[in-house]
Amino acid sequence: MKIKITVTHFKKVDGVKYGKSFTFVQDPVEMARYKTAATVKRRIEDYVARYGVFQLDELKYLVYDMKEFNEKWKEEVKKIREKEKEEEEEIHKKVEEIIKSSERYQQVHQD
């Protein structure tokens, strides 16, 4: 599932407002491997910078319209974190079982 992200830049020259925009698609499921919003924003900024639509001095003034993308990305990150938590709990249970088994083994073979 790819979602559109629009990047715009407006500037005034002699009282006249000029603007540029750049629209591209990005997959929030794929980007969910980045767990923080700052990292995702940095990756998006890197992509925009590499594409070359805007000059380097314009990059810090860009406005990103990516509300829908952020919502889907947050949902995916939440799913991933829940899955990781379940996996950690499963590993913890297995470790506990191994510890109990080794304790029983030691008790039986200690005598």
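Computed from a prediction, not measured in an experiment: that's the story for all the values here.

1. Digging into unusual backbone geometry
1) Next: For Asp14, which is not glycine, the phi dihedral falls at a positive 55 degrees.
2) Next: Using a relative accessible area of 79% as the deciding quantity, one classes Asp14 as exposed.

2. Quick look at helix 2 (residues 37-51)
1) Next: For helix 2, spanning 15 residues, the distance from its first C-alpha to its last is 21 Å, which sits close to the expected 21 Å at 1.5 Å a residue.
2) Next: Residues of helix 2 that are buried include every one of Thr39, Val40, Ile44 and Val48, and no others.
3) Next: Packed against the buried residues of helix 2 are strand 1 (3-13), strand 2 (16-26), helix 1 (28-31), strand 3 (63-65) and helix 3 (67-110).
4) Next: A positive backbone phi angle near 85 degrees is found at Gly52, which sits one or two residues after helix 2.

3. Structural notes on a nonpolar patch on the surface
1) Next: Together, Val13, Val16 and Tyr18 line one region of the surface with nonpolar side chains, adding up to about 250 Å² of accessible area.
2) Next: Looking at where Val13 falls in the secondary structure, it is placed in strand 1.
3) Next: Assessed through its relative accessible area of 36%, Val13 is described here as partly exposed.

4. Observations concerning the pattern of salt bridges
1) Next: Tallied over the full model, the rule gives six salt bridges.
2) Next: Between Lys11 and Glu58 there is a salt bridge, and its shortest N-O distance comes to 4.0 Å. Pair noted here: Lys11 is in strand 1 and Glu58 is in the loop between helix 2 and strand 3, with a separation of 47 residues, a long-range link.

5. Some points on helix 3
1) Next: The end-to-end C-alpha distance of helix 3 is 63 Å, a good match for the 64 Å that 44 residues give at a rise of 1.5 Å each.
2) Next: By the burial criterion, the buried members of helix 3 are Phe69, Trp73, Glu76 and Val77.
3) Next: In this structure, the buried side of helix 3 is in contact with strand 1, strand 2, helix 1 and helix 2.

6. A closer look at the sheet that holds strand 2
1) Next: Within the open sheet, the three strands sit side by side as 2-1-3. Their pairing is antiparallel. The strands lining the two open edges of the sheet, one partner per strand, are strand 2 and strand 3. The average undirected angle you get between the axes of adjacent strands in this sheet is 20 degrees.
2) Next: Pairing analysis gives three bridges linking strand 1 to strand 3, with the strands arranged antiparallel. Opposite Thr8, over in strand 3, you have Val63 as the bridge partner.
3) Next: Sheet strands in contact with helix 2 are strand 1, strand 2 and strand 3, and its direction is about 110 degrees off that of strand 2.
4) Next: Sheet strands touched by helix 3: strand 1, strand 2 and strand 3. Its angle to strand 1, the strand with the most contacts, is close to 140 degrees.

Reading guide: rules and limits
- Residues take numbers from 1 onward in each chain, read along the sequence in its written order.
- Reporting in this predicted model follows two pLDDT cut-offs: at least 70 for local features of residues, and 80 or more for side-chain atom pairs to be given and counted; totals over whole chains, interfaces and linings ignore these cut-offs and use all residues.
- Only heavy atoms go into the side-chain values, all of them from the structure, while hydrogens and water stay out.
- Working definition: with a 1.4 Å probe on protein chains only, accessible area under 20% of the residue-type maximum means buried, over 50% means exposed, and in between means partly exposed.
- Only runs of H or I of at least four residues qualify as helices and only runs of E of at least two qualify as strands under DSSP, and these elements are numbered from the N terminus.
- A helix is expected to reach a length of 1.5 Å times the quantity of its residues less one.
- Contacts were defined at the residue level, with two residues in contact if any of their heavy atoms lie within 4.5 Å.
- Nonpolar side chains (Val, Leu, Ile, Met, Phe, Trp, Tyr) are joined into patches within 5 Å and like charges within 9 Å, using only residues with over 30% relative accessible area and no salt bridge.
- Accessible surface is estimated by sampling points in the Shrake-Rupley manner with a 1.4 Å probe; for residues, cover comes only from the protein chains shown.
- By convention in these notes, a salt bridge is any Lys or Arg side-chain nitrogen within 4 Å of a carboxyl oxygen on Asp or Glu.
- A pair of strands is labelled paired if DSSP reports no fewer than 2 bridges between them.
- Working convention: axes come from line fits to C-alpha atoms, limited for helices to the stretch in contact. Angles between N-to-C directions cover 0 to 180 degrees.

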